Amino acid sequence: MKAGATKAASNFTGGACPCGGYAAPDVSPSTGTVGRSAVASVVGSVAPPRAAPAAKAARPKPAIAYPDCCRRFIEEGQIPTNAEQLMRSRYTAYVLERFDYLRDTWDPATCPADLGSEAGPQWLGLEVRTHHQDDARHATVEFVARYKVNGRAHRLHEVSRFTRADDGRWRYVAGTVSDS
Ligand SMILES: [Zn+2]
């Protein structure tokens, strides 16, 4: 894990959250309001996640710092309230190589036993495209993640499936990778 720790440090500068920031804060009062006011003040009142493309393009995405974004899930035990929050926090956990968090948020039925045993790529950025909650227990998140392996840039376009178990937590089940 020595090499991993070094790589994680070089991946993460301590500035904006690796996930790019959660643009639609949805923290329920019972789970706390850490970072909510800061988030709300920078994203304004763009309430629906599916903002009009024109409005989205016109407004540069604000940078939200890790302590105001995914840290509350990865380090402070808060529970993501929806699949998109979970997906973003899992991306950040990949960047930080927090395989404990990845395992905790992975359906035990599909979580690989050797998670974290191989060196991961260098993650460059995340773009969440859609988030659909089908019912109380099922949701999908479509995203594009960019990464580098041996100096070459790649992109991963995936539709991930999530389920919410009896304990109320969302977990990643599996994903379908798209070629486009
Ligand atoms: Zn984040």
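The structure reproduced in this document is the subject of the present report. From a predicted model like this one, the values you see are computed outputs, not experimental measurements.

This paragraph deals with the overall build of the protein. Looking only at helices and strands, the protein has six helices and four strands in total. Ordered by position in the sequence, the α and β elements of the protein form the string α-α-α-α-α-α-β-β-β-β. When the 180 residues of the protein are sorted by exposure, 26% land in the buried category. Nonlocal contacts in the protein, meaning residues at least 24 apart in sequence, comprise 54% of its contacts between residues at least 6 apart.

This part covers the sheet that holds strand β4 (residues 170-178). Strand order in the open sheet formed by four strands is β1-β2-β3-β4, with antiparallel pairing between adjacent strands. Only two strands of the sheet have a single neighbouring strand rather than two, namely β1 (122-135) and β4. Averaged over all neighbouring strand pairs, the angle between strand axes comes to 25°, with direction disregarded. Here strand β2 (residues 138-149) runs beside strand β3 (residues 152-164); their pairing, made up of twelve bridges, is antiparallel.

Our next topic: the nonpolar core. Judged by nonpolar contacts, the single largest core of 27 residues is most densely connected at Cys70, Ala83, Met87, Tyr91, Val141 and Phe162. Of all elements in the fold, only α4 (71-74), α5 (83-96), β1, β2 and β4 reach the threshold of two or more residues within this core. At eight residues, α5 tops the list of elements feeding residues into this core. Here Tyr91 is in contact with Pro18, Cys19, Leu126 and Ala145, once residues within four sequence places are set aside.

About the cut-offs
- Residues numbered from 1 in each chain as written.
- Predicted model: local features only at pLDDT ≥ 70, side-chain atom pairs only at ≥ 80, totals over all residues.
- Helix = DSSP H or I, 4+ residues; strand = E, 2+ residues; numbered from the N terminus.
- Buried ≥ 20, exposed ≤ 12 C-beta atoms within 10 Å, placed from the backbone.
- Contact = placed C-beta atoms within 7 Å.
- Pairing = 2+ DSSP bridges.
- Axes fitted to C-alpha atoms, helices over the stretch in contact; angles between N-to-C directions.
- Core = buried A, V, L, I, M, F, W, Y, C linked by C-beta atoms within 7 Å.

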